[in-house]
Amino acid sequence: MSAALDQQDGYNFAYLDEQTKRMIRRSILKAVAIPGYQVPFAGREMPMPYGWGTGGVQVTAAIIGKDDVLKVIDQGSDDTTNAVSIRKFFAKTAAVETTEATEEASIIQTRHRIPETALQEGQILVYQVPIPEPLRFLEPRETETRKMHALQEYGLMHVKLYEDISRHGHIATTYAYPALVNGRYVMDPSPIPKFDNPKMDMMPALQLFGAGREKRIYALPPYTEVKSLDFEDHPFDIQEWDSDCALCGAKDSFLDEIVLDDAGNRMFVCSDSHFCQQRQQAGFTGTANELPADTKERA
Amino acid sequence: MLSQKETLLSVNNVSVLYGERVGCQNVSFDLWPGEVLGIVGESGSGKSTLLNSISARIQPTSGSVTYNTRVDGQRDLYTEMNEPERRLLMRTDLAYVHQNPRDGLRMNVSAGANIGERLMAIGERHYGNIRNNAEQWLDKIEIDQNRLDDLPTTFSGGMQQRLQIARNLVTRPRLVFMDEPTGGLDVSVQARLLDLLRGLVRDLGLSVVIVTHDLAVARLLSHRLMVMQNGQVVESGLTDQVLDDPQHPYSQLLVSSILQT
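Residues numbered from 1 in each chain as written. Chains lettered and ligands numbered in written order. Predicted model: local features only at pLDDT ≥ 70, side-chain atom pairs only at ≥ 80, totals over all residues. Heavy atoms only, no water.

Caption draft 1: The overall build of chain A, seen in detail. For chain A, the helix and strand inventory stands at nine helices and 12 strands. Against the globule reference of 19 Å for 299 residues, chain A gives a C-alpha radius of gyration of 21 Å, in line with a compact fold. In terms of principal-axis extent, the alpha carbons of chain A reach across some 65 × 60 × 35 Å. Within chain A, buried positions represent 53% of all 299 residues. For chain A, the proportion of contacts with a sequence separation of at least 24, taken over those separated by at least 6, is 61%. Of the accessible surface of chain A, which amounts to about 13,900 Å², a share of 52% is contributed by carbon and sulfur atoms. Mean positive and mean negative side-chain charge positions of chain A (31 and 44 charges, respectively) differ by 8 Å. (Helix = DSSP H or I, 4+ residues; strand = E, 2+ residues; numbered from the N terminus. Rg over C-alpha atoms; globule rule 2.2 N^0.38 Å. Buried < 20%, exposed > 50% of the residue type's maximum accessible area, 1.4 Å probe, protein only. Contact = heavy atoms within 4.5 Å. Areas by Shrake-Rupley, 256 points an atom, 1.4 Å probe, with all protein chains shown as cover. Lys, Arg positive; Asp, Glu negative; His and termini not counted. Charge placed at Lys NZ, Arg CZ, Asp CG, Glu CD.)

This is the structure in C-alpha cells:
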C-alpha cells in the first residue's frame, strides 16, 4: 500500500515536495550544529491553521521515512483532536505506521509535553512551537533580540523572573520556562510545563523544535546540557501535587486537574495518557478506580 | 580612583553628518573626572546629536571619542572597541538619562525590576541582593520603599524621572549623559530633581554631560558650559563666565532672553 501512496492524488511522500524537505533539512542540520540557535527557514503553508502545529508538521515531514513509526501527542494525550488529525495526516500522506506507545515510536511529534517514559537514543522528539523567541515579551524588536542572542546579553530574562518573584513570591513561570542550552543560547522550550525542563537535559534522543508562523527551527542534539534559569536564592524547581494520579497512582508524573461536578469535586490524572494506561494494565490503581468495600459486597 | 591628571572623555573634532545635513561639526572638548559639562543651545543646534555620538550611540562621521576605561585606559569608543565591548560599557560605566522617562524605563515591569535590570545584565543572580540594592536606591531618590513593586506607569512624571536616574546609577557608572532631564516637569519638581542630581553628582563623584536649553539648570549644575548653534560650538568656558559675560552674539541673545524676576 505504501508504494502506491507515493504519488497518490498528486501529493509527494509526506505531503511536502522534495525541494522543500531538503531546505528544511538544511535548516535542521544547522540547528543541530548550533544547539539552541534559532535558524530561519522558508516555512510553507500547510493544510492547517497557524498555531495548530504547522512548524512541527513541517519538521516531521522533512525527516520522516517509510520505516518510521510515528506517535503524536497533544498535552501528553494521544487522543485529542490535534494529535489525532496530525497522526491521520501522516498515515495518509506518508503511509507510515503509527503508534501510541512511546517506546515503539521512532518519531514523536508533541505539543506541550515530553512523554513520561524516558526517551532513548535513536528516537526523535519534534516540538510544535508557537513563539520561539524567549525574549519576545520583554524586547519586541527582532533586530535587538538577535543582537542580544549574538552577544549573549541575557540579563533581561532574569528581569522577567525577578518580576515573577516580586509579584508572586516565587518564580511563577510554569510553562515555556527559559533555559540555557550548552552554556550559550537561551531557548524557549515551547510551552511545555517546567516539570518537563529537567527531562531535556542530557536527553539521549534528538529534539527538534519547529515554529511555523515564525518560521524558525532550533534543536537540541542528544546529550546536550540544558539548564533552567533561576536565582541563587530562588532555585529552579518543578511542580508538585498533593495527590497521586487517581487512575494509576503514579507519584512522579505530570497531573491534569479534571473537574468532576459543580460541587467542587475534582480529580488529578496523568497528562500522559499512554503512560497512565500502561500502568493501569500493569495493575496499578488509584483512588478513582479502586472498588470501595461496600460496592464489592453488593456485586 | 582615577588620576586627576587624566581626562575621562576626550572628544576630538567630532562631526556627525546626516547625509548633506549637518548634525554637529568639529566639536572638541575634554571632560575630567568629577566634572559637569553643560551643553546649551537652541532647538536643532545639534546638542542631542553630539550627546549621542559621544555616548557610544551614533558613530561620528569623522573625529574621535576616547574614553578612559577602567581596565585598559584610554580607548577610542568606535575604532578601538567592538560592539560587544561598547554595549557592555554602555550598561556599566556609562549611563544615559532620556528626556522622556518612558524612553529610558521598562514600563511593563516594576520599579524594582527597572533598578535591578543593569545588575542582572552584568551577572547578579541573587534575588535578595538585587532587591536590597533597589530598596536603597529608592531611598536615595526619595521614593517610598513600599512603591518598589509598583509599575512605573503608576508613578508621577517626576518620580519616573528619578526612577530612571536610579536605574542608570545602580551600576555606579563614572560618566552620565543627560538629555534635558528636567524637560516636561513643573518648576517645583524640577527644583527637587536638580537638588537630587546635585547631591548624587557630589556624593558619587560622577562626571556628567548635560544637555539642556534651560540656562537656570545649566547654572545650577554645570561647572563648564558649551554654547552650540547650527551644529557648531560658538562659545565655551566656565559656567559663570559664559553666563555673566557672554562674548558671542548668540550667547548674548540666549542670556538676555531669560525673563528677569
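The structure having been displayed, the exposition proceeds.
Caption draft 2: Local environment of the state of the cysteines. All names here are of chain A. Across all of its chains, the model carries zero disulfides over all chains by this definition. The thiol of Cys 248 is not disulfide-bonded; the next cysteine sulfur, from Cys 270, is found 3.6 Å away. Residue classification places Cys 248 among the buried residues on the basis of a relative accessible area of 1%. (Disulfide = S-S within 2.5 Å.)

Caption draft 3: Structural context of the sheet that holds strand 1 (residues 39-40) of chain A. Residues and elements named next belong to chain A. One open sheet holds the seven strands; their spatial order is 1-9-8-5-4-2-3, and the pairing between them is mixed. With partners counted over all chains shown, the strands left at the sheet margins are strand 1 and strand 3 (97-98), one partner each. Of the strand pairs in this sheet, strand 4 (residues 107-111) and strand 5 (residues 124-128) are connected by four bridges, and their pairing is parallel. Residue pairing across strands places Ile 108 opposite Leu 125, the latter belonging to strand 5. Sheet contacts for helix 4 (residues 81-93): strand 2 (69-74), strand 3, strand 4 and strand 5; angle to strand 2, the most-contacted strand, approximately 160°. (Pairing = 2+ DSSP bridges. Axes fitted to C-alpha atoms, helices over the stretch in contact; angles between N-to-C directions.)

Caption draft 4: The arrangement of the interface of chain B and chain A in detail. Contact residues are listed per partner, giving 21 residues for chain B and 22 residues for chain A. Note on chain B versus chain A: buried area summed over both sides is about 1,900 Å², and carbon and sulfur give 57% of it. Contact with chain A buries surface across chain B, with Arg 87, Arg 125 and Tyr 127 of chain B losing the most and accounting together for 38% of the total. Counting across the interface, chain B meets chain A through four salt bridges. (Buried area = accessible area lost by both parts, 1.4 Å probe. Salt bridge = Lys/Arg side-chain N within 4 Å of Asp/Glu carboxyl O.)

Caption draft 5: Quick look at the sheet that holds strand 7 (residues 175-179) of chain B. Residues and elements named next belong to chain B. One open sheet accounts for six strands, arranged 6-7-8-3-9-10; its pairing is mixed. The sheet is open, and its two edges are formed by strand 6 (94-97) and strand 10 (232-238), each paired on a single side. If you compare each strand with its neighbour and ignore which way they point, the axes differ by 15° on average. In this sheet, strand 7 lies alongside strand 6 in parallel orientation, the contact comprising four bridges. Bridge pairing in strand 7 links Leu 94 to Leu 175. Its contacts with the sheet put helix 1 (residues 47-54) on strand 3 (36-41), strand 6, strand 7, strand 8 (207-211) and strand 9 (224-229), and the angle it makes with strand 7 is roughly 155°.

Caption draft 6: Broad picture of the pattern of salt bridges. A complete count under the given rule lists 36 salt bridges over all chains for this structure. Residue Glu 144 of chain A is joined to Arg 87 of chain B by a salt bridge in which the shortest nitrogen-to-oxygen separation is 3.0 Å. In this pair, Glu 144 of chain A is assigned in helix 5 (residues 142-150) and Arg 87 of chain B in helix 2 (residues 83-90), connecting two distinct chains. Taking the shortest distance from any N to any O, the salt bridge between Asp 149 of chain B and Arg 131 of chain B comes out at 3.0 Å. Placement of the pair is Asp 149 of chain B in the loop between helix 5 (127-140) and helix 6 (157-169) and Arg 131 of chain B in helix 5, with a sequence separation of 18 residues. We classify Asp 149 of chain B as partly exposed; its relative accessible area is 32%. For Arg 131 of chain B, a relative accessible area of 19% translates into the label buried.

Caption draft 7: Seen up close, the packing of helix 2 (residues 18-33) of chain A against helix 3 (residues 54-63) of chain A. All names here are of chain A. Relative orientation of the contacting elements helix 2 and helix 3 amounts to 100°, with a least axis distance of 9 Å. As far as their axial angle goes, helix 3 and helix 2 are roughly perpendicular. Of the residues in helix 3, those in contact with Lys 21, Ile 24, Arg 25 and Ile 28 of helix 2 are Gln 58, Val 59, Ala 61, Ala 62 and Ile 63. Classifying every residue of the contact of helix 2 with helix 3 gives six nonpolar, one polar and two charged. (Parallel < 35°, antiparallel > 145°, perpendicular 65-115°, else oblique. Nonpolar A, V, L, I, M, F, W, Y, C, P; charged D, E, K, R; others polar.)

Caption draft 8: Structural detail: the nonpolar core. Ranked by size, the top nonpolar core spans 35 residues in total, and within it Ile 115, Val 176 and Val 208 of chain B carry the most contacts. If you list the elements that add at least two residues to this core, you get strand 6, helix 4 (111-121), helix 5, helix 6, strand 7, helix 7 (187-204), strand 8 and helix 8 (215-221) of chain B. With six residues, helix 7 of chain B is the largest single contributor of residues to this core. If near-sequence neighbours (up to four positions away) are discounted, Ile 115 of chain B is found in contact with Ala 134, Trp 137, Leu 138, Leu 163, Ala 166, Arg 167 and Val 170 of chain B. Counting 31 residues, the second largest nonpolar core, distinct from the first, contains Ala 31, Val 57, Leu 70 and Val 96 of chain A. (Core = buried A, V, L, I, M, F, W, Y, C linked by side-chain atoms within 4.5 Å.)

Caption draft 9: Looking closely at the pairing of strand 4 (residues 62-69) of chain B. All names here are of chain B. Across five bridges, strand 1 (residues 9-18) lies against strand 4 in antiparallel orientation. The partner of Leu 9 across the bridge, within strand 4, is Tyr 67. Two strands pair when backbone bridges link them, and strand 4 and strand 5 (residues 73-76) are joined in this way by four bridges, in the antiparallel orientation. Considered in strand 5, the bridge of Thr 66 is made with Asp 76. Where strand 4 hands over to strand 5, the hairpin turn is made up of three residues, counted between the paired strands.

Caption draft 10: Fine view of the layout of surface pockets. Taken as a whole, the largest pocket spans an internal volume of roughly 1,200 Å³. Forming the walls of the largest pocket are 37 residues, and the residues nearest its centre are Arg 141 and Glu 144 of chain A together with Arg 57, Arg 87 and Met 90 of chain B. Those elements giving two or more residues to the lining of the largest pocket turn out to be helix 5 and helix 6 (155-168) of chain A together with helix 2, strand 6, helix 3 (101-104), helix 4 and helix 6 of chain B. Its residues placed into classes, the lining of the largest pocket shows 15 nonpolar, seven polar and 15 charged. Around the second largest pocket, the lining comprises 17 residues; the ones closest to its centre are Phe 137, Lys 160, Tyr 175, Ala 176 and Asp 188 of chain A. Among the residues making up the lining of the second largest pocket, the classes are represented as 10 nonpolar, three polar and four charged. (1 Å grid on protein atoms, 1.4 Å probe; cavity = no way out; pocket = protein on both sides within 12 Å on 5 of 7 lines; lining within 4 Å. Points joined across faces, edges and corners; volume = space filled by probe spheres on them.)

Caption draft 11: Structural detail: the packing of helix 6 of chain B against helix 7 of chain B. All names here are of chain B. Relative orientation of the contacting elements helix 6 and helix 7 amounts to 15°, with a least axis distance of 10 Å. By the angle class used here, helix 6 and helix 7 are roughly parallel. Relative to helix 7, helix 6 is oriented so that their crossing is right-handed. Of the residues in helix 7, those in contact with Gly 158, Gln 161, Arg 162, Ile 165 and Leu 169 of helix 6 are Val 189, Arg 192, Leu 193, Leu 196, Leu 197, Leu 200 and Leu 204. Of the residues belonging to the contact of helix 6 with helix 7, the class tally is eight nonpolar, two polar and two charged. (Left-handed = near helix turned anticlockwise from the far one by under 90°.)

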